[in-house]
Amino acid sequence: MCTRDNYCRRCRRELHDATSRTRGMGPECDPLTRVQHHPTTDVVQDPIPGL
Ligand SMILES: [Zn+2]
């Protein structure tokens, strides 16, 4: 069992679940688990109510 790679290969974030550790990628970086997860909405363009 390889437990040294507890960080995402892509973004170097710490992985907290066994699946991500096995893949070496977090769910937000792994295209396979990404669909089952919440889509990253950081680039969402919210309409500004004031304008
Ligand atoms: Zn990542």
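Heads up: the structure comes first, above all this text.
Parameters at a glance
Residues numbered from 1 in each chain as written. Predicted model: local features only at pLDDT ≥ 70, side-chain atom pairs only at ≥ 80, totals over all residues. Heavy atoms only, no water. Helix = DSSP H or I, 4+ residues; strand = E, 2+ residues; numbered from the N terminus. Buried < 20%, exposed > 50% of the residue type's maximum accessible area, 1.4 Å probe, protein only. Areas by Shrake-Rupley, 256 points an atom, 1.4 Å probe, with all protein chains shown as cover. Salt bridge = Lys/Arg side-chain N within 4 Å of Asp/Glu carboxyl O. Polar contact = N/O pair within 3.5 Å; in protein donor to acceptor, adjacent residues only side chain to side chain. Contact = heavy atoms within 4.5 Å.

Before going further, it helps to examine the overall build of the protein. Helices and strands together make up the secondary structure of the protein, namely two helices and zero strands. Counting every position in the protein, which comprises 51 residues, the buried fraction comes to 22%. Of the roughly 4,700 Å² that the protein leaves accessible, carbon and sulfur atoms contribute 52%.

What follows deals with the environment of P27. Looking at the element boundaries, P27 is found in the loop between helix 1 (18-23) and helix 2 (31-34). Separated by 19 residues in sequence, P27 and C8 have C-alpha atoms that sit 9.3 Å apart.

The next point concerns the pattern of salt bridges. Applying the stated rule across the entire model yields one salt bridge. For the salt bridge of D30 with R23, the shortest nitrogen-to-oxygen distance reads 3.1 Å. The class of D30 is buried, set by a relative accessible area of 5%. On the accessibility criterion, R23 (30% relative accessible area) is partly exposed.

What follows concerns unusual backbone geometry. A positive phi angle, near 65°, is found at R12, a position not held by glycine. In this structure, R12 sits in the segment before helix 1.

Another point: the side chain of D30. For D30, the position within the fold is in the loop between helix 1 and helix 2. There is a polar contact of 3.1 Å between the side chain of D30 and the side chain of R23. Every residue in contact with D30, bar those within four places of it in the chain, is listed here: R23 and M25.

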